[in-house]
Amino acid sequence: MTEQRFLHGQWSSRMAFILAASGSAIGLGNIWKFPYLAGDNGGGAFVIVYLLCVVAIGIPIMIAETMLGRRGRQSPINTMLSLAEEAKASPHWHYAGWLGVTAGFLILSYYSVIAGWSMAYILKVGGGFMEHASAATAQSVFLELKASPDIQAIWHTAFMVATMLIVSRGINEGLERATRVMMPGLLIMLVVLDIYAMTTGGFGQGMAFLFEPDFSKLSGASVLTAMGQAFFSLGLGMGSIMVYGSYLPDHVSIAKSSLVVAAADTLVALMAGAAIFPIVFANQLEPGMGPGLIFETLPIAFGKMPGGSLFGLVFFLLVFFAAITSAIALIEPAVAYLSENRGLSRAAAAWWSGLVCWALGLGTVFSFNAGSGATWFGKNFFELVDFLTADIMLPVGGILVAVFAGWIVKREASEAELEMGGAYGLWRALARYVAPFGVGLVFLRAIGIL
Ligand code: PHE
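For clarity, every value in this text was computed on a predicted model and none was experimentally measured.

Draft legend 1. Examining the overall build of the chain more closely. Helix and strand counts for the chain come out as 18 helices and 0 strands. For 450 residues, the compact-globule estimate of 2.2 N^0.38 gives 22 Å, and the chain sits close to it at 21 Å. Sorting the 450 residues of the chain into buried and exposed places 61% on the buried side. Looking at the chain alone, contacts between residues at least 24 apart form 83% of all its contacts between residues at least 6 apart. Within the structure as shown, the chain displays about 16,400 Å² of accessible surface, and the carbon and sulfur contribution to it stands at 68%. Charge separation in the chain, taken as the distance between the mean sites of 23 positive and 26 negative side-chain charges, equals 6 Å.

Draft legend 2. Expanded view of the site of the ligand. Ala 25, Gly 29, Tyr 111, Phe 232 and Ser 233 are the nearest of the 14 residues found near the ligand. Within the backbone of Ala 25, a nitrogen or oxygen atom sits 2.9 Å from a nitrogen atom of the ligand. Note that a nitrogen atom of the ligand is positioned 2.8 Å from one of the backbone N or O atoms of Phe 232. Taken by itself the ligand offers 320 Å² of open surface, and the protein chains cover 100% of this.

Draft legend 3. Fine view of the nonpolar core. In terms of nonpolar packing, the biggest core is built from 160 residues, with Trp 32, Leu 68, Phe 315 and Trp 427 touching the most fellow members. Apart from the residues lying within four places of it in its own chain, the contact partners of Leu 68 are Thr 79, Met 80, Leu 83, Met 242, Val 401, Phe 404, Ala 405 and Val 409.

Draft legend 4. Seen up close, the environment of Ile 31. Along the chain, the position of Ile 31 falls in helix α2 (residues 28-40). For Ile 31, a relative accessible area of 0% gives the class buried. Along the sequence, Ile 31 and Gly 303 sit 272 residues apart, while their C-alpha atoms lie 19 Å from each other. If sequence neighbours within four positions are ignored, Ile 31 has contacts with Leu 186, Val 268, Ala 272, Ile 276, Ile 294, Phe 315 and Val 319.

Draft legend 5. Fine view of the environment of Ser 233. Its place among the elements puts Ser 233 in helix α10 (residues 220-234). Ser 233 sits 47 residues away from Val 280 along the chain, and the two C-alpha atoms are 23 Å apart. Setting aside its immediate chain neighbours within four residues, Ser 233 contacts Ala 25, Gly 29, Asn 30, Tyr 50 and Asp 265. Among the polar contacts made by the side chain of Ser 233, one reaches the side chain of Asp 265 at a distance of 2.7 Å.

Draft legend 6. Helix α18 (residues 423-446), seen in detail. For α18, spanning 24 residues, the distance from its first C-alpha to its last is 32 Å, which sits close to the expected 34 Å at 1.5 Å a residue. The sharpest bend along α18 measures roughly 40° and falls at Leu 430. Looking only at α18, the buried set comprises Tyr 424, Trp 427, Arg 428, Ala 431, Arg 432, Ala 435, Pro 436, Gly 438, Val 439, Val 442 and Phe 443. Buried residues in α18 make contact with α3 (44-72), α10, α16 (381-408) and α17 (411-418). Just downstream of α18, Gly 448 is the residue with a positive phi angle, here 90°.

Draft legend 7. Structural context of the packing of aromatic side chains. For the structure shown, the criterion picks out 26 aromatic pairs. Look at Phe 302 and Phe 315: their rings are 5.6 Å apart centre to centre, the planes differ by 45°, and that puts the pair in the tilted class. With Phe 302 in helix α13 (residues 293-304) and Phe 315 in helix α14 (residues 308-341), this pair connects stretches of sequence that are 13 residues apart. Like Phe 315, Phe 302 is buried. Centre to centre, the rings of Phe 368 and Phe 382 are 5.2 Å apart; their planes meet at 40°, and the pair counts as tilted. Here Phe 368, found in the loop between α15 (346-367) and α16, pairs with Phe 382, found in helix α16; they are 14 residues apart in sequence, far enough to count as distant. The class of Phe 382 is buried, set by a relative accessible area of 2%. Taken together, Trp 32, Tyr 36, Tyr 110, Trp 117, Tyr 121, Phe 142, Phe 295, Phe 302, Phe 315, Phe 316, Phe 368 and Phe 382 form an aromatic cluster joined through their ring pairs. Taking the ring centre of Phe 387 as reference, the NZ or CZ of Lys 379 above it sits at 4.7 Å.

Draft legend 8. Region of the structure containing the packing of α2 against helix α12 (residues 254-282). Here α2 crosses α12 at 60°, and the two axes come no closer than 9 Å. Classified by the angle between their axes, α2 and α12 sit oblique to one another. At the point where α2 passes α12, the crossing takes the right-handed sense. Taken together, the residues of α12 that come into contact with α2 (itself represented by Asn 30, Ile 31, Phe 34, Pro 35, Ala 38 and Gly 39) are Asp 265, Val 268, Ala 269, Leu 270, Ala 272, Gly 273, Ile 276 and Phe 277. When the residues that make up the contact of α2 with α12 are grouped by side-chain class, the tally is 10 nonpolar, 3 polar and 1 charged.

Draft legend 9. Quick peek at the confidence of the model for the chain. The share of residues in the chain with pLDDT of 70 or more is 96%, and the mean pLDDT across the chain is 92. Here helix α8 (residues 171-198) is the element of the chain with the lowest mean pLDDT, 81, and α2 is the one with the highest, 98. Below a pLDDT of 50 lies the segment residues 1-5, which in the model reaches 6 contacts outside its immediate sequence neighbourhood of four places, other chains included.

Draft legend 10. Seen up close, the pattern of salt bridges. This model, assessed by the stated rule, comprises 7 salt bridges. Here Asp 386 ties to Lys 33 by a salt bridge, and the two come within 2.7 Å at their closest N and O atoms. Residue Asp 386 is found in helix α16, and its partner Lys 33 is found in helix α2; the two are separated by 353 residues along the sequence. We classify Asp 386 as buried; its relative accessible area is 11%. The class for Lys 33 is buried, based on a relative accessible area of 1%. Notably, a salt bridge pairs Glu 417 with Arg 70, separated by 2.8 Å at the nearest N-O pair. Pair noted here: Glu 417 is in helix α17 and Arg 70 is in helix α3, with a separation of 347 residues, a long-range link. Each member of the pair, Glu 417 together with Arg 70, is buried. Members of the salt-bridge network, linked through shared partners, are Arg 70, Arg 71, Glu 86 and Glu 417.

Rules used throughout
Residues numbered from 1 in each chain as written. Predicted model: local features only at pLDDT ≥ 70, side-chain atom pairs only at ≥ 80, totals over all residues. Heavy atoms only, no water. Helix = DSSP H or I, 4+ residues; strand = E, 2+ residues; numbered from the N terminus. Rg over C-alpha atoms; globule rule 2.2 N^0.38 Å. Buried < 20%, exposed > 50% of the residue type's maximum accessible area, 1.4 Å probe, protein only. Contact = heavy atoms within 4.5 Å. Areas by Shrake-Rupley, 256 points an atom, 1.4 Å probe, with all protein chains shown as cover. Lys, Arg positive; Asp, Glu negative; His and termini not counted. Charge placed at Lys NZ, Arg CZ, Asp CG, Glu CD. Near = heavy atom within 4 Å. Polar contact = N/O pair within 3.5 Å; in protein donor to acceptor, adjacent residues only side chain to side chain. Core = buried A, V, L, I, M, F, W, Y, C linked by side-chain atoms within 4.5 Å. Expected span 1.5 Å × (residues − 1). Bend = angle between axes of the 7 residues up to and from the residue. Phe/Tyr/Trp six-rings, centres within 6.5 Å; stacked < 30°, edge-to-face > 60°. Lys NZ or Arg CZ within 6 Å of the ring centre and 35° of its normal. Axes fitted to C-alpha atoms, helices over the stretch in contact; angles between N-to-C directions. Parallel < 35°, antiparallel > 145°, perpendicular 65-115°, else oblique. Left-handed = near helix turned anticlockwise from the far one by under 90°. Nonpolar A, V, L, I, M, F, W, Y, C, P; charged D, E, K, R; others polar. pLDDT = per-residue confidence, 0-100. Salt bridge = Lys/Arg side-chain N within 4 Å of Asp/Glu carboxyl O.

Structure follows, in structure tokens:
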């Protein structure tokens, strides 16, 4: 195929795609969210359900979504429209693309606030404020940040501006370069933290919490959270990986790339969990302390280890990088759409989208302080947006992708696009039956029907 198939450019190689897709997958979801959700939902059993969802639902949907992207070669909305046309199906399928674009906006709005916390921590930990910090000090430093809407708003703004600067420069230059440097660095830092965790005295307990399942602790809501987290962490169900797939050269193996990305994503989440829970137990803290978990625990570790301020600085800097490569993916579907259909330049599309996300994000900033009393269905603004996106919109988007790729796209088309030989049948069965029914079951269980 010729270059003309690509509207927005193309990845320079298979490795570039893997790096970018891992950049999208690996982010706050792995380092910030996975540990606190595991902590809130009782540990081991949650982790097992999460892993099951990654393998049986996440990976087949990742393959499906990337495949649709490469075949459609446009923004998710237009890709769904033209593939539906190709398969002689209803054009209404393009609403799946809209669902994704909306989910991306909503997620980025709060994602940026949390990424802002990690930016604040680059200075706090790097500046030595946490040296020899007790658990109580680490907690009070975090609570102070949570109580300050102004400081959070400043970092939230800084993060959004940084993201849009990269997005406005386009895919090859911005995304590839950013991802290439941070991945190995993040892994090294996690290894350092895991080694520290082994010396804390809480290691056995931490591991048991994370890996020994106690299914009595698992409610229908926890199962839904685990599944939602699988979608969130892999970056599925909202068109990000679809749009990344649209920049993928022909004949790069989608299945193999997806396996590598999913494995890397899962490894990073588990390594983060293995670093955090030993610190929790060694300091007699509560695993279920919510979104502040990494900010209240890791500084204790950095405060105790030799050279900890420097390690802490590097660590939170890498968390910031990991967050920014995911943020880029969250907004890319909207930017691709605005530049394709609304005639905006890439830069204008990026800045306008960023402005909307930024404004929405202020709702999250206030949900941790002055606005914490404002709740809907018992959830504050942040919790509500998180629930709607991760637990509802992404899984629904995922079902649509699986059904579309498995049932609507013609067999010859998907077989030719995937070129996965004998494993094709397995993928097709997972996409047609296991993924949609799996997600459906979890929904029914969460609303108490099963
Ligand atoms: N996967 C990212 C993370 O774990 C977040 C994300 C969600 C990115 C959806 C893209 C799409 O932090």
